[in-house]
Amino acid sequence: MTNQIQLTAENIQQVLGQTSEDNIVALSFYSAQSHECQEQARILDGLAQQYQQHLIVATLDCDLQQALASQLAQQIGLQALPTLVLLKGGAPVDMLPGAQSEQQIKEALQKHLPQPEDALLQQAKAALAADNLNDAFKYAKQAYEIDPQNARIKLVLTDICIQIHKLEDAKALLDTIALAEQDAYYNNIKAKLEQAEQAQDSPEIRTLQQEIEQQGDNLELKVKLAVAFNDAGRKAEALETLFLVLKKDLNFADAKKFYLDIIASLPEGDALAAASRRKLYSILY
């Protein structure tokens, strides 16, 4: 479907109904008798192709649609041709009277078009809803790198960090949320983090640690401790414990498989995964 439309009394409601938080309708008041209108129409044609996903250019030919043009002109206070009105979420958000350069129109659009970090955040949320934590983390981290001050991005990334047991990262992010931005979602994430932190120091872990102190060479106990660490989200300690087992006996039980499984569970590009692989290769070769 084209994103360039000739506006008429018959289709105006349908066209304006296509505005949303992600889509902008650029309503262009046009007259073929005006050289400036013709020049701006060429600019809008190029921008419509450039922003196909989020921009609809609706041209109102004021010569052919005089009644509709007069009605809308009174509503918006039209004083010159060409005039461009940007609509988003069903309401006008900007008006550019008179001839505008391509750069001027682009600058106006950029204020209201979805930004790259917005699209990445939506991808992160969709991946999170699908329980695809690896992709959710990747997209949220990319969004955060673009706009590290955005509280909503930080909260979504914190939520994901908790679920993949990167609790130190989660706590660091949460500590940067300003008081004015601490809404219900923030409180929910904070409660999740506190619960996850409490679960990290389980009675099972303490018991296993005490037993290992007494039986330092018991590799089976160390593997059990690594399992407990992993279940509590303490992946770095799980990997370190398993590495000590593998240094003693590279083929002990399922220690190597478990070590690799933990690495595979870490997000793509995670520094801990890369460091742990290098450590394993150092004793394999």
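Just above sits the structure.
Keep in mind the model is a prediction, meaning the values are calculated, not measured.

K.L.:
So what exactly am I meant to see when it comes to helix α11 (residues 219-231) here?
P.N.:
Given 3.6 residues per helical turn, the α-helix brings residues three or four places apart onto the same face. Taking 1.5 Å of rise per residue, the 13 residues of α11 would be expected to cover 18 Å, and the 18 Å separating its terminal C-alpha atoms lies within 8% of that figure. Of the surrounding elements, those touching the buried residues of α11 are α10 (203-214), α12 (235-248) and α13 (255-265). Its side-chain oxygen placed 3.1 Å from the backbone nitrogen of glutamate 220, asparagine 218 serves as the N-cap of α11.

K.L.:
Looking at this model, I keep getting lost on the side chain of lysine 235. Mind explaining?
P.N.:
Structurally, the position occupied by lysine 235 is in helix α12. Of the buried charged residues, lysine 235 lacks a salt bridge, with aspartate 231 as the closest side chain of opposite charge at 7.8 Å. With near-sequence residues (within four places) excluded, lysine 235 lies in contact with Ile164, His165, Phe229, Asn230, Ile262, Ser265, Leu266 and Leu272.

K.L.:
Mind showing me how you'd approach the packing of aromatic side chains here?
P.N.:
Given two aromatic rings, their pairing is described by the distance between the two centres and the angle made by the two planes. One pass over the full model with this rule turns up zero aromatic pairs. Its guanidinium or amino end placed over the ring of phenylalanine 243, lysine 279 lies 4.6 Å from that ring's centre, counting from NZ or CZ.

K.L.:
I would appreciate a short explanation of the nonpolar core in the present structure.
P.N.:
Core analysis: the biggest nonpolar cluster contains 28 residues, and Ile160, Ile162 and Leu174 have the highest contact counts within it. Of all the secondary-structure elements, those providing two or more residues to this core are α5 (116-129), α6 (133-146), α7 (151-163), α8 (167-174) and α9 (184-199). The next biggest cluster of nonpolar side chains, apart from the first, holds 25 residues, and it includes Ile205, Ile212, Leu219 and Ala226.

K.L.:
Hey, could you run me through the packing of α5 against α7 in this one?
P.N.:
When two helices pack together, you describe them by how their axes are tilted relative to each other and by the distance separating the axes. Contact geometry for α5 and α7: axes closest at 11 Å, N-to-C directions at 30 degrees. Relative to α7, the element α5 is oriented roughly parallel. α5 and α7 meet at a crossing whose hand is left-handed. Of the residues in α7, those touching α5 at Glu117, Leu121, Lys125 and Leu128 are Arg152, Ile153, Val156, Asp159, Ile160 and Gln163. Split into classes, the residues belonging to the contact of α5 with α7 amount to five nonpolar, one polar and four charged.

K.L.:
Got a minute to help me understand the environment of lysine 138 in this structure?
P.N.:
Position of lysine 138 relative to the elements: it lies in helix α6. Classification of lysine 138 by relative accessible area gives partly exposed; the value is 27%. Separated by 61 residues in sequence, lysine 138 and glycine 77 place their C-alpha atoms 47 Å apart.

Parameters and conventions
- Residues numbered from 1 in each chain as written.
- Predicted model: local features only at pLDDT ≥ 70, side-chain atom pairs only at ≥ 80, totals over all residues.
- Heavy atoms only, no water.
- Helix = DSSP H or I, 4+ residues; strand = E, 2+ residues; numbered from the N terminus.
- Expected span 1.5 Å × (residues − 1).
- Contact = heavy atoms within 4.5 Å.
- Polar contact = N/O pair within 3.5 Å; in protein donor to acceptor, adjacent residues only side chain to side chain.
- Buried < 20%, exposed > 50% of the residue type's maximum accessible area, 1.4 Å probe, protein only.
- Lys, Arg positive; Asp, Glu negative; His and termini not counted.
- Salt bridge = Lys/Arg side-chain N within 4 Å of Asp/Glu carboxyl O.
- Phe/Tyr/Trp six-rings, centres within 6.5 Å; stacked < 30°, edge-to-face > 60°.
- Lys NZ or Arg CZ within 6 Å of the ring centre and 35° of its normal.
- Core = buried A, V, L, I, M, F, W, Y, C linked by side-chain atoms within 4.5 Å.
- Axes fitted to C-alpha atoms, helices over the stretch in contact; angles between N-to-C directions.
- Parallel < 35°, antiparallel > 145°, perpendicular 65-115°, else oblique.
- Left-handed = near helix turned anticlockwise from the far one by under 90°.
- Nonpolar A, V, L, I, M, F, W, Y, C, P; charged D, E, K, R; others polar.

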